[in-house]
Amino acid sequence: MSETQSTQTGHASAIRVEGLNKWFGSFQVLFDINLTVENGERVVICGPSGSGKSTLIRCINALEDHQQGVIEVEGKALGHDSTSVYDVRTEVGMVFQHFNLFPHLTILENCILAPTVVRKTPRKEAEATAMHFLEKVKIPEQANKYPIQLSGGQQQRVAIARSLCMRPRVMLFDEPTSALDPEMIKEVLDTMVALAGEGMTMVCVTHEMGFARKVANRVVFMDAGAIVEVNSPDAFFTNPQNERTQAFLNQVLQH
Amino acid sequence: MNYNFSFPYIWGATPDLLDGLWMTLLISLLSIAISVVIGVVGAGLRVFQVPILSQLVAAYVNFIRSTPLLVQIFFIFFGLAEFGIRLGGFWSGILALSLWGGAYNTENVRGGLSAVDKGQREAAYSLGLRPLHYLRHVALPIGLRVSIPAMLNTAVSVLKNSSYLQAIGVAELTFVAMNRVATDFRTLEMFLAIGAMYLAIVLVLSAAVRRLEAVLQKPFRTA
Ligand SMILES: Nc1ncnc2c1ncn2[C@@H]1O[C@H](COP(=O)(O)OP(=O)(O)OP(=O)(O)O)[C@@H](O)[C@H]1O
Ligand SMILES: [Mg+2]
């Protein structure tokens, strides 16, 4: 009911997760997750390994299914039917830890595949869009190379551009820099900061605390499958409410 | 010991042998093509675990792999005739070889598809691609590259196994040679000649597949 209301008034949140519970078999990974992300908002999710961060954001574009609760993207509810799954996925872009570029396609072909196949965009137009975003991530000169010829940082920037080519309303990032050599982390973070500056709605799982301070509106801390604390970055880093948050921050900030 | 080997005999038999060769090529190439299609479809059904169909494909593959090809050929040629389905030697042969190669190609392609990193599927799906888009544009081009050596083996086997079809009277290369041996007793000449012909086709087939493989490999080489 609230979903039809919110769509009608045109004030749908970018993402609304309510009462989400998820199990892998008999193992419960997510416990009563509630999280609303407004349009243009940037949310950083952090927490110890195995706390369910990836699972949560993978539920948002139905890479994982969920057993209980409501997930809505731009007012569209994610059901268990394939139509709602495809509807939501076209609104949501995702960037992975290991880039996952298609190895048999050039950079340009990587970027135009989904627009031409899913959106039926004419090839010329798709190529123009792709070049536009490749310029945005500062890598247009690599357009005709294959992924294997690029560095990790370059590949990740291409992965961001490839997602943007579908013109998503929301971008999800799952530890986009944690597979990168230190000297390449900055170029990817810079790209993400620029994206944030353009008002993109972003949900980032990351332990890059500098990035969180710089662009996040809110920081979400997860532990053992539950959201333990949601706070502004300032409050989160200087005055964490939860003792588990404190323990986690002590660990992360030491490194 | 004092076998009188005659090249002129081979020369004289060449027109006949070429007819047989043509039949062998026609049947083999058609069967190979169909077996590749069966393999891709079968592997797709298996990989996406399509209910019921996936189990049927598994049963089919098992059946083909655990019965002799000659029995399958007889079953299709004689057995189906009992049910009033008379395909004739040519189409029975193509059906038998296609089903035989298709079963092996299902396994070959499935092997290739399961070698595709699962991150590829996630990336494809997160970009909005449907399962068939993913199969067509991502999984097959990546996976087939891995399957190709095994598929070449299957194709060569289909070609060689087409000689079984002489048992149901298809006038392919082996049949033609056997017929001549039965009347002229030029055993060595005939089997040497058709051996060379089979070898030549296999070499050409292998070379063609290597070209294809090189094309598919190109993106994976750094340079
Ligand atoms: N496909 C799966 N099947 C079963 N259990 C899974 C599966 N995927 C994840 N898990 C389990 O669910 C829990 C949460 O995993 P998840 O990957 O969401 O954690 P995470 O917070 O992203 O951790 P990390 O920081 O290591 O990436 C873990 O205990 C993990 O072992
Ligand atoms: Mg994770």
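What counts and what doesn't
- Residues numbered from 1 in each chain as written.
- Chains lettered and ligands numbered in written order.
- Predicted model: local features only at pLDDT ≥ 70, side-chain atom pairs only at ≥ 80, totals over all residues.
- Heavy atoms only, no water.
- Helix = DSSP H or I, 4+ residues; strand = E, 2+ residues; numbered from the N terminus.
- Buried < 20%, exposed > 50% of the residue type's maximum accessible area, 1.4 Å probe, protein only.
- Contact = heavy atoms within 4.5 Å.
- Areas by Shrake-Rupley, 256 points an atom, 1.4 Å probe, with all protein chains shown as cover.
- Lys, Arg positive; Asp, Glu negative; His and termini not counted.
- Charge placed at Lys NZ, Arg CZ, Asp CG, Glu CD.
- Near = heavy atom within 4 Å.
- Polar contact = N/O pair within 3.5 Å; in protein donor to acceptor, adjacent residues only side chain to side chain.
- Buried area = accessible area lost by both parts, 1.4 Å probe.
- Salt bridge = Lys/Arg side-chain N within 4 Å of Asp/Glu carboxyl O.
- Pairing = 2+ DSSP bridges.
- Axes fitted to C-alpha atoms, helices over the stretch in contact; angles between N-to-C directions.
- Phe/Tyr/Trp six-rings, centres within 6.5 Å; stacked < 30°, edge-to-face > 60°.
- Lys NZ or Arg CZ within 6 Å of the ring centre and 35° of its normal.
- pLDDT = per-residue confidence, 0-100.

1. Describing the overall build of chain B
Consideration 1: When its secondary structure is counted, chain B shows 8 helices and 0 strands.
Consideration 2: Secondary structure elements in chain B, listed N-terminal to C-terminal, are α-α-α-α-α-α-α-α.
Consideration 3: Expressed as lengths along the three principal axes of its C-alpha atoms, the size of chain B is roughly 70 × 55 × 25 Å.
Consideration 4: Here chain B holds 223 residues, and the buried ones make up 45% of them.
Consideration 5: By sequence separation, contacts in chain B at least 24 residues apart represent 78% of the contacts at least 6 residues apart.
Consideration 6: Per element, the accessible surface of chain B, about 11,500 Å² overall, is 68% carbon and sulfur.
Consideration 7: Side-chain charges of chain B comprise 16 positive and 10 negative groups, with the mean position of each set lying 13 Å from the other.

2. Here's the deal with the site of ligand 1
Residues and elements named next belong to chain A.
Consideration 1: Residues in contact with ligand 1, as listed here, are F24, F27, V29, P48, S49, G50, S51, G52, K53, S54, T55 and E175.
Consideration 2: The contact in question runs from an oxygen atom of ligand 1 to an N or O atom on the side chain of S49, over 2.6 Å.
Consideration 3: In the model, an oxygen atom of ligand 1 is placed 3.2 Å from a nitrogen or oxygen of the E175 side chain.
Consideration 4: Protein burial of ligand 1: of its 630 Å² of free accessible surface, 59% is covered by the chains.

3. Focus: the interface of chain B and chain A
Size of an interface, as often reported, equals the accessible area lost when the parts are brought together.
Consideration 1: Every contact between the two is made by 24 residues of chain B and, on the other side, 23 residues of chain A.
Consideration 2: Interface area, chain B with chain A, both sides summed: about 2,200 Å², of which 65% is carbon and sulfur.
Consideration 3: Counting the surface chain B buries against chain A, the share from its top three residues, S126, L127 and P219 of chain B, is 28%.
Consideration 4: Linking chain B with chain A are 1 salt bridge, by the criterion used here.

4. With respect to the sheet that holds strand 1 (residues 15-24) of chain A
Residue and element names in this part refer to chain A.
Consideration 1: Strand order across the open sheet formed by 4 strands is 2-1-4-5, with antiparallel pairing between neighbours. Bordering the open sheet on either side are strand 2 (27-37) and strand 5 (76-77), each of which pairs with just one other strand.
Consideration 2: Alignment of strand 4 (residues 68-73) against strand 5, held across 2 bridges, turns out to be antiparallel. Across the sheet, E72 pairs through a bridge with A77, a residue of strand 5.
Consideration 3: Strand contacts of helix 2 (residues 53-60): strand 1, strand 2 and strand 4, with the helix running at about 120° to strand 1, the strand carrying the most contacts.

5. A word on the packing of aromatic side chains
Consideration 1: This model, assessed by the stated rule, comprises 10 aromatic pairs over all chains.
Consideration 2: Arranged with centres 6.4 Å apart and planes meeting at 45°, the rings of F221 of chain A and F236 of chain A form a pair that is tilted. Pair noted here: F221 of chain A is in strand 9 (residues 218-223) and F236 of chain A is in helix 9 (residues 233-238), with a separation of 15 residues, a long-range link. Each member of the pair, F221 of chain A as well as F236 of chain A, is classed as buried.
Consideration 3: The side chain of R130 of chain B reaches across the aromatic face of Y86 of chain A, ending 4.0 Å from its centre.
Consideration 4: The ring of F220 of chain B carries R145 of chain B above its face, with NZ or CZ at 3.7 Å from the centroid.

6. Points about the pattern of salt bridges
Residue and element names in this part refer to chain A.
Consideration 1: The tally for this structure, following the rule as stated, stands at 18 salt bridges over all chains.
Consideration 2: The closest approach of N and O atoms between E127 and R123, which form a salt bridge, is 3.0 Å. Note that E127 and R123 are positioned in helix 5 (residues 123-136) at a spacing of 4 residues, about one turn of the helix.
Consideration 3: Where E187 meets R157, a salt bridge forms, and the shortest distance between an N and an O atom there is 2.9 Å. Separated by 30 residues along the polypeptide, E187 in helix 7 (residues 182-197) and R157 in helix 6 (residues 152-164) bring together distant segments of the chain.

7. Some words on the environment of V47 of chain B
All names here are of chain B.
Consideration 1: Along the chain, the position of V47 falls in helix 1 (residues 7-47).
Consideration 2: Considered as a pair, V47 and R211 are 164 residues apart in the sequence and their alpha carbons are 27 Å apart.
Consideration 3: Beyond its immediate chain neighbours, meaning those up to four positions away, V47 contacts R110, L113 and R121.

8. A look at the sheet that holds strand 9 of chain A
All names here are of chain A.
Consideration 1: The strand order 6-7-8-3-9-10 describes an open sheet built from 6 strands, whose pairing is mixed. On the outer flanks of this sheet lie strand 6 (92-95) and strand 10 (226-231), each paired with one strand and no other. Sheet twist, expressed as the average angle between the axes of neighbouring strands with direction ignored, equals 20°.
Consideration 2: Taken together, the 4 bridges between strand 3 (residues 42-46) and strand 9 define a ladder with parallel strand orientation. Looking at strand 9, one finds that I45 is bridged to V220.
Consideration 3: This element, helix 2, spans strand 3, strand 6, strand 7 (170-174), strand 8 (201-205) and strand 9 of the sheet and lies at about 155° to strand 7.
Consideration 4: Sitting on the sheet, helix 7 touches strand 3, strand 7 and strand 8, and the angle it makes with strand 8 is about 150°.

9. Here's the deal with the side chain of E91 of chain A
Residues and elements named next belong to chain A.
Consideration 1: Note that E91 resides in helix 3 (residues 82-91).
Consideration 2: For E91, a relative accessible area of 14% puts it in the buried group.
Consideration 3: Sequence-distant contacts of E91, defined by excluding residues within four places in its chain, comprise V73, E74, K76, P168, R169 and V170.

10. As for the confidence of the model for chain A
Consideration 1: Looking at chain A, pLDDT values average 92 and 95% of them are 70 or higher.
Consideration 2: Below a pLDDT of 50 lies the segment residues 1-8 of chain A, which in the model reaches 8 contacts outside its immediate sequence neighbourhood of four places, other chains included.

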